Amino acid sequence: MQDVNLGIVGLGNVGSGTLTILSENAGQIARKLGFRLNVAAVCSRSAKSRTLPEAAKSAFVTEDWGEVVNHPGVDVVAELIGGTTVAREVVEGAIAAGKSVVTANKELIALDGAAIWQKAAARGVTLAMEASVCGGIPIHAVLREGIAGDRVETLFGILNGTSNYILTEIEQHGSAFDDVLAEAQKLGYAEADPTADVDGFDARSKLALLASLAFGVRLHPDSIHTEGIRRVSPIDFQYARQLGCTIKLLCSARRDGSGLFVSVRSALLARNTIMAGVQGAYNAVWCRGAFGADTFYYGRGAGPNPTGVAVVSDLMRVARELRPSPAHRVPPFAFTSLEESAPLDIGLQKRPWYLRFRITDRPGIIRDLSSILAEHAISIDAVLQLPDQDKHNLPFVITLESSPEAAVRRAVEKMSKLDFMVQPPLALPIERGL
Ligand SMILES: NC(=O)c1ccc[n+]([C@@H]2O[C@H](COP(=O)([O-])OP(=O)(O)OC[C@H]3O[C@@H](n4cnc5c(N)ncnc54)[C@H](OP(=O)(O)O)[C@@H]3O)[C@@H](O)[C@H]2O)c1
């Protein structure tokens, strides 16, 4: 089956992540599509002096975006420049040339996406923009398709990773806003000009876009009430804690009668809510539908690879839509064909473990248990025991370093037979990093 040829304009954070994924995940992408995505042309101001990833090795390289947009071999153009000037020319130029466009550009799409889409529709091509909001969270797909059958009543989002990182640092370390911002700039988490992030303008563009998808409305970003995080200080977190709350830069769109309340501003959130647990540079979106109730989406809001995944997934969807046959629609199992498979033996899986015992206390118990563990080449991480427990039914815990499940099961089986066991040990894996 014929490849689909891509033109990539912009090779910065998102462009390079996109090319990395097209290089390193080409096999899976082709298995899902049933054909290959071929990078035919790439462009940036300094493209000719760049080392390009594998996928772009045989691409036409130029520093003039017009040569990508008008390249006869390019079927789909990805605009990954940003801003509303040259990017607009690239997007509109590609549409005029009869090419579908994938973009990560929240600013341009929030400002003028509806008009651009009308031009694309009139020209019979597609506009795809998953990466424009919450880079790594497929929130467009969710609102466009996943929960399309519902009627969204409320949408809350933490849509700016930089401000969430700054607020998290202020809360955890009690540092002042200016100090945290300076540190974030030094570490590359915040731009030299942080205005778009800390004053809420970046989040505002994203909220305008999500409101379009959730409520079917066009909101000019300037019409959204927006306040940033500059005035939030450590003392506010101390008071918020006393109220059982934390503080987040919260984007909110809520249907009320025939209208919407829409805002971007710092707000107190109860600490026991799922949104309050969104820490550091992560993003999240929470929707309440009239029928499906609450759904929650969480992930990295930015970064070359998470955003690159969104761009590549859009490129796949658009490439599919170039083919008229139903055989090329999204397969229900994601892949065009499935390989026969059986799960790996769970016993081979290595995990840290929690072993909880109930025993009749006597000297030498730890010695007996640790010698069984040593026989099975299992290392102890920690031993925990609460004071003042019943000595005839004494609970205590041993945690184990990462060990194969089969060995742990055998050791637990042997321990169960020891005469001081009141009941067989309870063995639970410890899942870290979730
Ligand atoms: N960064 C993220 O994590 C993220 C997440 C979600 C969405 N986005 C969006 O993705 C887009 C790109 O962001 P980014 O962070 O990748 O930006 P970036 O790192 O600044 O990269 C921009 C790229 O565009 C190229 N470029 C700029 N002007 C050009 C021109 N006139 N002709 C040709 N190439 C030009 C630059 O070329 P040179 O390299 O040669 O200067 C650079 O390669 C923006 O719309 C942004 O809002 C970014």
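Residues numbered from 1 in each chain as written. Predicted model: local features only at pLDDT ≥ 70, side-chain atom pairs only at ≥ 80, totals over all residues. Heavy atoms only, no water.

**Here we look at the overall build of the protein**
- Looking only at helices and strands, the protein features 14 helices and 16 strands.
- Its C-alpha atoms put the protein at 85 × 55 × 50 Å along the principal axes.
- Counting every position in the protein, which comprises 434 residues, the buried fraction comes to 45%.
- Within the protein, contacts between residues separated by at least 24 positions form 70% of all contacts whose residues are at least 6 apart in sequence.
- Roughly 21800 Å² of accessible area belongs to the protein as shown, and the carbon and sulfur atoms make up 52% of that amount. (Helix = DSSP H or I, 4+ residues; strand = E, 2+ residues; numbered from the N terminus. Buried < 20%, exposed > 50% of the residue type's maximum accessible area, 1.4 Å probe, protein only. Contact = heavy atoms within 4.5 Å. Areas by Shrake-Rupley, 256 points an atom, 1.4 Å probe, with all protein chains shown as cover.)

**Details of unusual backbone geometry**
- Backbone geometry places Cys-134, a non-glycine residue, at a positive phi of 50°.
- Position of Cys-134 among the secondary structure elements: in the loop between β6 (127-128) and α6 (139-146).
- According to the relative accessible area criterion, Cys-134 is buried, its value standing at 1%.
- With phi around 60°, Ala-377 is a residue other than glycine that occupies positive phi space.
- Ala-377 gets classed as exposed once you look at its relative accessible area, which sits at 70%.

**A word on the sheet that holds strand β13 (residues 350-359)**
- The antiparallel open sheet is built from four strands, whose spatial order is β14-β15-β13-β16. Strand pairing shows two members of the sheet lacking a second neighbour, β14 (380-384) and β16 (421-429), which therefore form its edges. Strand after strand, the sheet turns through a mean of 15° between neighbouring axes, direction not considered.
- Here helix α13 (residues 365-375) sits on the sheet in contact with β13, β14, β15 (394-404) and β16, set at roughly 20° to β15.
- Across the sheet, helix α14 (residues 405-416) touches β13, β15 and β16, and the angle it forms with β16 is around 170°. (Pairing = 2+ DSSP bridges. Axes fitted to C-alpha atoms, helices over the stretch in contact; angles between N-to-C directions.)

**Examining α14**
- With twelve residues, α14 should reach 16 Å at 1.5 Å per residue; the first-to-last C-alpha distance of 16 Å fits that figure.
- Every buried residue of α14 is listed here: Glu-405, Ala-407, Val-408, Ala-411, Val-412 and Met-415. Down the axis of α14, the buried side of the element spans an arc of 155°, and every buried residue falls inside it.
- Taken together, the buried residues of α14 touch β13, α13, β15 and β16. (Expected span 1.5 Å × (residues − 1). Arc of directions from axis to C-beta.)

**Details of the site of the ligand**
- In the vicinity of the ligand lie 21 residues, with Leu-11, Val-14, Ser-46, Arg-50 and Gly-303 positioned nearest.
- In this structure, Asn-13 approaches the ligand through a main-chain N or O atom, which is 3.0 Å from an oxygen atom.
- Within the contact set of the ligand, an oxygen atom lies 3.0 Å away from a side-chain nitrogen or oxygen of Ser-44. (Near = heavy atom within 4 Å. Polar contact = N/O pair within 3.5 Å; in protein donor to acceptor, adjacent residues only side chain to side chain.)

**Here we look at the packing of helix α7 (residues 161-173) against helix α11 (residues 234-242)**
- Contact geometry for α7 and α11: axes closest at 9 Å, N-to-C directions at 75°. In terms of orientation, α7 lies roughly perpendicular with respect to α11. The residues of α11 that touch α7, namely those facing Leu-167, Ile-170 and Glu-171, are Pro-234, Phe-237 and Arg-241.
- When the residues that make up the contact of α7 with α11 are grouped by side-chain class, the tally is four nonpolar, no polar and two charged. (Parallel < 35°, antiparallel > 145°, perpendicular 65-115°, else oblique. Nonpolar A, V, L, I, M, F, W, Y, C, P; charged D, E, K, R; others polar.)

**Digging into the state of the cysteines**
- Under the definition given, this model contains zero disulfides.
- This cysteine, Cys-245, is not joined by any disulfide, and Cys-251 carries the nearest cysteine sulfur, 18 Å off.
- On the basis of relative accessible area, Cys-245 is assigned to the buried category, the value being 12%. (Disulfide = S-S within 2.5 Å.)

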